[in-house]
Amino acid sequence: MNILLIGGGGREHTMAWKLNESPLCDKLFILPGNAGTATLGVNLPISITNFEAIGEAVLKYEINMVVVGPEEPLVKGIYDFFKQDEGLKKLLFIGPSANAALLEGSKAFAKAFMNRHGVPTASYKQFSKNEFDEGCDYIKQQPLPIVLKADGLAAGKGVIICNNYIEALSEFELMLLHSKFGRAGERVVVEAFLTGIEMSVFILTDGNSFVLLPEAKDYKRVGEGETGLNTGGMGAISPVPFFNEALKEKIVQRIIQPTLDGLRKEKLDYKGFIFFGLMISDGEPWVIEYNCRMGDPETEVVLPRLKNDFVELLKATADGTLHKIDVKTDFRAASTVVAVSGGYPGKYKSGIPIYGAEGGMQENALLFHSGTKMEGEQLLTNGGRVLAMTAFGSSVTDATKHAMDKLAKVSFEGMYFRRDIGFEFSDSL
Ligand code: AMP
Ligand code: GLY
């Protein structure tokens with residue numbers, strides 16, 4: 001079948017690589033893609049939110065299945081656009097409806113949904129502009145630290161953890177009254193701080209059944225030892241060493257199943273990935289956030305460990321036959337180390353030549369592109385996160401060492417990567 005993949009980061013290069021491995025994949029198109037995806041299929045220079053143009057491309061290239069990588073087109077209603085069009089509605093489509101994508105698109109919606117369906121999450125209250133004074137009183141009564149969240153999509157920047165009341169009240173005012181996050185902050189969720197260790201669990205659901213994909217843990221801070229500014233993700237590992245059968249069972253019973261039952265009860269159409277961002281506190285799982293897509297860079301370790309034919313898995317998701325599928329996972333550990341532009345997540349330059357990336361995909365090391373482009377024969381940086389090197393190993397820290405060895409052969413001016421991905425699970429890094 002012909003497949004269109006929407007997105008252009010490391011997650012999409014990984015998905016494109018996995019789709020392309022399948023004998024069921026005839027022609028692969030990536031929109032807009034990057035220099036990595038261009039080696040696996042045809043990149044289409046179309047905006048990910050230009051649904052009309054995407055629809056035209058789907059008809060022109062006789063696409064049979066559309067897979068959506070990032071959240072933005074989903075939250076903006078790409079699924080609904082396809083379902084309302086006579087020529088497009090029969091396609092296999094991986095991604096939720098706009099109403100279901102509110103699980104990620106609105107933190108207030110997600111929190112209320114969790115409360116309606118008994119999914120464990122931190123206690124909270126939400127406030128809009130005209131409830132500013134009430135919100136300030138509420139904040140002053142809560143223990144510290146306290147978490148403020150802009151309700152809408154804010155490119156991963158909308159969460160602020162405040163350690164004192166002065167900071168909390170000033171951030172609250174900046175968000176609600178001074179549009180710090182634009183329209184995304186017109187409503188603010190004020191939430192209790194959870195302690196513990198974070199991890200991510202991913203499923204594919206066809207609206208009835210689900211399959212659990214390999215779990216992962218990502219490293220969001222720019223500095224080693226999880227210090228410094230938040231980024232899109234500096235690396236990830238899979239498996240998560242403390243994720244055992246007992247924890248898995250709790251997550252399925254208390255979180256995944258009630259979430260799927262809730263979606264069904266509320267008639268929210270969902271065929272696609274759900275990413276559960278969890279906090280594990282004394283062995284008990286709590287939901288920090290839902291995402292209506294796969295994670296990046298988590299995908300760069302999750303899909304390499306997945307042994308199934310990815311097209312078959314996605315086809316079963318769209319067809320509603322996931323109950324017939326058994327997920328098979330590679331026992332080896334995987335780690336991905338992200339190479340970023342100098343200065344990221346602050347200001348950085350793009351268009352810098354990259355050297356040593358020609359090796360690309362090898363048996364034990366996979367070089368995924370995030371922000372890259374080709375100019376003639378030269379590979380150039382084209383974003384903050386540039387490359388993600390995934391390697392396998394006998395443990396996550398062994399895999400990280402392999403990934404770093406491989407990444408050391410690649411260079412571009414200002415290149416930086418963390419050398420401690422998976423550090424909690426070893427004392428030798
Ligand atoms: P999010 O944008 O929802 O992924 O949140 C960003 C990060 O903020 C999460 O990955 C957590 O590290 C942290 N965070 C969010 N909510 C909480 C919470 N209630 N307690 C502790 N940390 C949190
Ligand atoms: N790595 C976190 C995310 O994709 O949201």
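See the structure shown above.
Overview of the structure. Source: prediction; values computed, not measured.

## Section: the sheet that holds strand E6 (residues 124-128)
In space, the four strands of this open sheet follow the order E6-E9-E7-E8, with antiparallel pairing throughout. One side of each edge strand has no neighbouring strand; the edge strands of this open sheet are E6 and strand E8 (159-162). Strand-to-strand twist of the sheet, defined as the mean angle between neighbouring strand axes without regard to direction, takes the value 20 degrees. Bridge count between strand E7 (residues 146-150) and E8: four bridges; the pairing is antiparallel. Along E8, the bridge assignment pairs Leu148 with Ile160.

## Section: helix H1 (residues 10-20)
Burial analysis of H1 places 10 of its 11 residues in the buried class, the great majority of the element. Those residues of H1 not exposed but buried are Gly10, Arg11, Glu12, His13, Thr14, Met15, Ala16, Trp17, Lys18 and Leu19. Each element contacted by the buried residues of H1 is listed here: strand E1 (3-7), strand E2 (28-32), strand E16 (272-281), helix H10 (299-305), helix H11 (310-319) and strand E19 (365-369).

## Quick notes on the side chain of Lys149
Checked against the element boundaries, Lys149 lands in strand E7. We classify Lys149 as buried; its relative accessible area is 4%. Among residues more than four places away in sequence, those in contact with Lys149 are Lys107, Gly158, Val159, Met175, Arg187, Val188, Val189, Glu191 and Ile288.

## Some points on the site of ligand 1
As a structural note, the neighbourhood of ligand 1 is formed by 14 residues, with Glu191, Ala192, Leu194, Glu198 and Glu289 the closest of them. Leu194 places a main-chain nitrogen or oxygen 2.8 Å from a nitrogen atom of ligand 1. Glu198 has a polar side-chain atom sitting 2.4 Å from an oxygen atom of ligand 1. Of all the secondary structure elements, the ones that give two or more residues to the shell around ligand 1 are E7, E8, strand E9 (187-192) and strand E17 (284-291). A breakdown of the residues in the shell around ligand 1 according to their chemical character gives eight nonpolar, no polar and six charged.

Rules used throughout
The residue count restarts for each chain, going from 1 along the sequence in the order it is written. Whichever chain is written first is A, and whichever ligand is written first is 1; the rest continue in order. Thresholds applied to this predicted model are a pLDDT of at least 70 for local features of residues and 80 or more for the giving and counting of side-chain atom pairs; totals over whole chains, interfaces and linings are not thresholded and use all residues. Each side-chain value is worked out from all heavy atoms of the structure, with water and hydrogens disregarded. By the convention used here, strands pair only if DSSP detects at least 2 bridges between them. Only DSSP runs of H or I covering at least 4 residues are called helices, and only runs of E covering at least 2 are called strands; the numbering of each starts at the N terminus. Axis definition: a line fitted to C-alpha atoms, limited for helices to the stretch in contact. Angles are taken between N-to-C directions and run from 0 to 180 degrees. Relative accessibility thresholds used throughout: buried, under 20% of the residue-type maximum; exposed, over 50%; partly exposed, between the two (1.4 Å probe, protein chains only). Contacts are assigned to residue pairs that have any heavy atoms within 4.5 Å of one another. In these notes, residues near a molecule or strand are those with any non-hydrogen atom within 4 Å of it. Residues adjacent in sequence count toward polar contacts only when both atoms are side-chain atoms; beyond that, a polar contact is any pair of N or O atoms within 3.5 Å, and within protein one must be able to donate a hydrogen and the other to accept it. Throughout this entry, Asp, Glu, Lys and Arg are counted as charged residues, while Ala, Val, Leu, Ile, Met, Phe, Trp, Tyr, Cys and Pro are counted as nonpolar. The remaining residues, Gly among them, count as polar.

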